[in-house]
Each structure stands twice: as C-alpha cells, then as structure tokens.
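The lines below spell out each chain.
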Amino acid sequence: MASQSRAVVRSSKVGIIGAGVSGVAALKQLAHYDPVVFEAGDCIGGVWKSCSYHSTKLQSPRKDYEFADFPWPNRDDPTFPSHLDILDYLTSYAHRFDLFKYVNFNTKVVEIRFVGGDGGGRHDLHQTGGDGEYGALLPGRPVWEVAVRPNGPIFQWYEFEMLVVCTGKYGDVPKIPEFPQKRGPEIFKGKVMHSMDYCKLDKEEATELMRGKKVAIIGFKKSAIDLAVECAQANQGPEGKPCTMVIRTLHWTVPHYWVWGLPFFLFFSTRSSQFIHQRPNQNLLRAFLCLLLSPLRHAVSKFIESYLLHKLPLQKYGLNPDHPFVEDYASCQMAITPNDFFPEADKGNILFKRASKWCFTTTGLQFLDDNTRLDADLVLLATGYDGKKKLTDIIPEPFRSFLEYPSGVMPLYRGTINPLIPNMAFVGYIESVANLHTAELRSIWLARLADKKFKLPKVEKMCEHISQEIEIMKKTTRFYQRHCISTYSINHSDEICEEMGLSSWRKNSFLAEALSPYGSQDYKHME
C-alpha cells in the first residue's frame, strides 16, 4: 500500500487530479496558486484522447465548445470538429496560458488521505467549519495527502490545502453488464470488447477487427451509433456482414444539420418557471419570460418529436422512444446521428434488435424477452463507464459515503462542492449541452471562492439547495441520475454569477438579454 511509506516530496496549496477538459479549466483559473496537476495519461484532453474513435466528432458547433477567453480561430466553421481538432485546441489553450508547467504526466493517483480536522485526521461530521459554515478552502495548513505512482513501482506523497478532483464521469473504468452464472462472455467462442478498448485501436486495426465479421453492438447512445457506422463502413462489398445494434432503452436521435436549432430549444427550455421560487431576486424581465414561455415548452417538444419522426426513419426501424424529446434533452442523452447512419441502415448494413435482457451463448447472444438468438463473431459493449468507481477507489471514508445519494445524483452545491467534504472540489461531474463552458464557469466560481471574494451559505442551506435541485430534476426527466442541467443552464449560470457578486445580465442590450441564446463569449469578462 502507498500508505506504508509517507515521506512527503512536496507541499502546495492546490492539487488537481486530472488534466482533461475540466482539469484544464480548473488549472487555468487556479494557476495563481501554483497548483500541482496529476494526469495519468501522457497528454491533456481526457476522454478526447483516451475514449475517442477515429470518427469521433463533437456533437455541437465549435463556438459552443470553447473557453471564454480563447475562441476558436475558425469559430464560424459549420463543420463539427473531430477529436483531433479538439485536442489541438486544448493544446493551444494550454500553451497560450503556459499551463503545461504545472502538469505531471503519466502520474496516477492511487490514494488520498485526510489529515485536517482536529489535527489527527478526524473530521467532525456535523459541521465542516465553525457555526455550521463550510470554512475556508485554503486554511493555511495541509488538509489532504495524495499518493501518486509515476511510471514505476515507487509511490510519492504530496500534501495540499485544497484538492480539486477532475477525473470525470467517463473513461478508465468500463461499465460491464452483469449476467447469470455461466451465461456471460466466458462461454462465448468469439471476441468481446468494450468500447474503451476499441478506442485504443488505430483505424486499420479497427477495420480489420470488424471486416467480414458478424458484429453485435450493445447500446444506442452516441458511442454505439458511431461504432455501428464504423462497422458498416468496414463491411462494404459482397463479403461484408451487417452489424446488429442491441437496444435496451431508446433515446431520441437528431440529424447533424439540425443541431444548429438547439439554441432555440434551449431558449424555450432554460427560461422555464422551475427556479422562480428559488430566486426571489430574479429580474422581472426573466420572471415574465419564464411565466410566458413555460407553457410553450411542452408544445415545442411535441413539435420537435413530429419533425424527427417525419425526417428520420425512426418508425420504420422501431426506434421512436415512448418518452418526450425534452426528457432526453434534459438528461443530455440526445444523440447526433452521423450523415450515413440511416443510409447504412437502409442498405441493410445496420440492423436493430430491441431487448431488455440478454445473455451470451457459445455462438452469440440469446434474448430473454422472446428467447431468440443472434449469431455473432464479435460483441462490442458500448455500455458506458463507471465514473463513480473512479472516485470511490481513491476517496477515503467517511467522505466516500457522502458522495452517495439515494437519488443516484452526486450531491454537489453549484455542481462543485460537497458541503460535507472539506477543502475538496469536483469539476466536470455535471453535464450540459456545453460541457466545456459549464466546467469553465464553475472553475471561475471556485477560484473566486478560494480567493475569499464571497462566502458560501451555511452547510445546512447548501444541503437543502442540493435536495431541492435533485427534486426539480426528478420532475424534469426520468433519467435525472445523469445530473444534466441543459434545461436550466442559464438559471444555473445566473445564480453562480450573482453568488460571485457579478451581474447575471451578460448581454449588451435589453432585447439581446431577453431573446438571444447564451454562449461562452457572454462570460468573457468576469471582473
């Protein structure tokens, strides 16, 4: 164990775990504290490096995925950037603000120890600070010790006043379905691979893996859809075999060209009346808009559903979900389909099978709903990742248990602070239609909190706020566990700005404030 040898090699005010998009955002805002960043990989970028296929692209226009102080050079380009474009953008950003000097690459965090509290490493579970206050993020003494393992067997220990966890919800730990005894992949004579391992293949290896094979793809979200297209492309010609997507839960899919219309749906969604009761100081204009537009939200959702059913062959293939479009939008589960997804299905290269329960046979899969079987040579599991396990593997008790919640949502105030865990922040654990902006704004909030430019509410009030937010999410979508804020991201941003003592009015005119969508450039000047 790392704890067997604990000679501290460096002490610093701030430690950051992870150098993906969220870690880079946090690093930029906290750079004046000379932070130490631990990145297990060999470059920045997180999932854009480790969990991307050769065909992976952003699901939104590039101007919706940029830092406020570093716009894309070609931000009006209508094409969606590839994962390589995004890695280049992040690298340019890190060079522009001289961030690489803080990052320790190929350095995996293996253990975290709490050394704050009463001085003996014991934490008062009843209050994080005096009088029920959270306390200063930078108390002037070490609170956390972190063990890392660079390349090699030797552990190194660091100590920090504040720790920022940016390991994210995706990558590293694959989520593998559970199967009845002797009905799992061990009896299958073919090959089983999770999408995480598929991402490690280059284009030629991926093509060779699938060419001429009967492939079953488990899942129907973005990664599974991209896999199906790559499989179809690898199986062109008379020797090619169709791939079959095994679908448990249907979600709405949107054609790539229509994503430009999402800001207008965002306008109707985010200016809803859900948060008026929580924001008595909300300006009258937005309050009026909330009351005016809230009834239209359902109508707009129904219009979009009708449009998608008309433009896409969802009914032809039995792919029309039984829940409203807004529920997928509210849970960030709406997938953008590549240009050739349905054309490949029309050619018979992509097939679909609905199944809520299935298991392996020696020659493929058995579907327990109707007892049918599917022969397969290769089964690809696009079943997601276990981001919670990544945290529980390194966060010590009792703090690990504070990240659990009956609702399944990670309890974080402003998506960043757990009121019961002292001197620790989490960036990148809530989702939106613009994840980079979401991480950046919360990193700005966190840096100003560390700078003591504002104070948090008392612990009890923060816990109440978290509970209220979760209850609202439950009313918005049945898939609320993903902690997606798409339908009220503007409300979130307004509250964060106001808590920092800044204006929530980010536009330069009354009409623009009332009617135009928000983007990262609206938060460029946060003085």
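Thresholds, definitions, all that
Residues numbered from 1 in each chain as written. Predicted model: local features only at pLDDT ≥ 70, side-chain atom pairs only at ≥ 80, totals over all residues. Heavy atoms only, no water. UniProt positions renumbered as here; feature names shortened; annotations may be inferred. Core = buried A, V, L, I, M, F, W, Y, C linked by side-chain atoms within 4.5 Å. Buried < 20%, exposed > 50% of the residue type's maximum accessible area, 1.4 Å probe, protein only. Helix = DSSP H or I, 4+ residues; strand = E, 2+ residues; numbered from the N terminus. Contact = heavy atoms within 4.5 Å. Phe/Tyr/Trp six-rings, centres within 6.5 Å; stacked < 30°, edge-to-face > 60°. Expected span 1.5 Å × (residues − 1). 1 Å grid on protein atoms, 1.4 Å probe; cavity = no way out; pocket = protein on both sides within 12 Å on 5 of 7 lines; lining within 4 Å. Points joined across faces, edges and corners; volume = space filled by probe spheres on them. Nonpolar A, V, L, I, M, F, W, Y, C, P; charged D, E, K, R; others polar. Salt bridge = Lys/Arg side-chain N within 4 Å of Asp/Glu carboxyl O. pLDDT = per-residue confidence, 0-100.

The protein chain carries the name Flavin-containing monooxygenase in an unreviewed UniProt entry, which gives Linum tenue as its organism. Per UniProt, the protein chain has the following entry under Cofactor (unreviewed entry): "FAD".

### Concerning the nonpolar core
Formed by 67 residues in total, the largest nonpolar core has its most connected members in I16, L30, F67, M162, V164, W445 and L446. With nine residues, helix α13 (residues 435-450) is the single largest residue contributor to this core. Beyond its immediate sequence surroundings of up to four residues, L446 is in contact with L30, L137, M162, V164, T416, I417, A425 and V427. Of all hydrophobic cores here, the second largest spans 45 residues; its members include F220, A228, A234 and I247.

### With respect to the packing of aromatic side chains
The final tally for this structure, using the stated rule, is 29 aromatic pairs. On the basis of an interplanar angle of 70° and a centroid distance of 5.5 Å, the ring pair of F70 and Y93 is categorised as edge-to-face. You can see F70 sitting in the loop between α2 (47-50) and α3 (83-96) and its partner Y93 sitting in helix α3, a full 23 residues away along the chain. Given a relative accessible area of 17%, F70 falls into the buried group. Through a chain of ring-to-ring contacts, the aromatic side chains of F67, F70, W72, Y89, Y93 and F97 assemble into a single cluster.

### A look at α13
Between the first and last C-alpha of α13 there are 22 Å, a value that for 16 residues agrees with the 22 Å anticipated at 1.5 Å per step. In terms of residue burial, α13 counts as a mostly covered element, since 15 of its 16 residues are buried. At the C-terminal side of α13, K452 shows a positive phi close to 60°.

### Describing the layout of surface pockets
By volume, the second largest pocket amounts to about 440 Å³. Lining the second largest pocket are 21 residues; nearest its centre among them are S55, K57, K222, P338 and N339. Listed by contribution, the elements that provide at least two residues to the lining of the second largest pocket are α6 (222-234) and β11 (335-337). Take the lining of the second largest pocket: its biggest share by element is five residues, from α6. The class makeup of the residues in the lining of the second largest pocket is six nonpolar, ten polar and five charged.

### Some details on the pattern of salt bridges
The tally for this structure, following the rule as stated, stands at 25 salt bridges. Residue D172 is joined to K390 by a salt bridge in which the shortest nitrogen-to-oxygen separation is 3.4 Å. On the criterion of sequence distance, the pair formed by D172 in the loop between β6 (156-165) and β7 (191-194) and K390 in helix α11 (residues 387-392) is long-range, its members being 218 residues apart. The exposed category is assigned to D172, whose relative accessible area is 55%. Between E495 and R414 there is a salt bridge, with its nearest N and O atoms 2.8 Å apart. Pair noted here: E495 is in helix α15 (residues 489-499) and R414 is in the loop between α12 (399-402) and β17 (424-426), with a separation of 81 residues, a long-range link. Residues E495 and R414 agree in their burial class; the two are buried.

### A closer look at the confidence of the model for the protein chain
The predicted model of the protein chain has a mean per-residue pLDDT of 87, with 88% of residues at 70 or higher. Counting contacts from residues 267-282, a segment whose pLDDT is below 50, to residues more than four positions away or on other chains yields 55 contacts.

### Quick notes on unusual backbone geometry
It is generally the case that most residues other than glycine have a negative phi and that most peptide bonds are trans. Of note, the amide linkage connecting E397 to P398 takes the cis form, showing an omega dihedral of 5°. Phi angles above zero are rare outside glycine, and D98 is one such case at about 55°. Mapped onto the elements of the fold, D98 is located in the loop between α3 and β3 (103-104). Residue classification places D98 among the partly exposed positions, given a relative accessible area of 42%. Positive phi, normally seen in glycine, also occurs at N371, with a value near 60°. As for its position among the elements, N371 is in the loop between β14 (364-367) and β15 (372-375).

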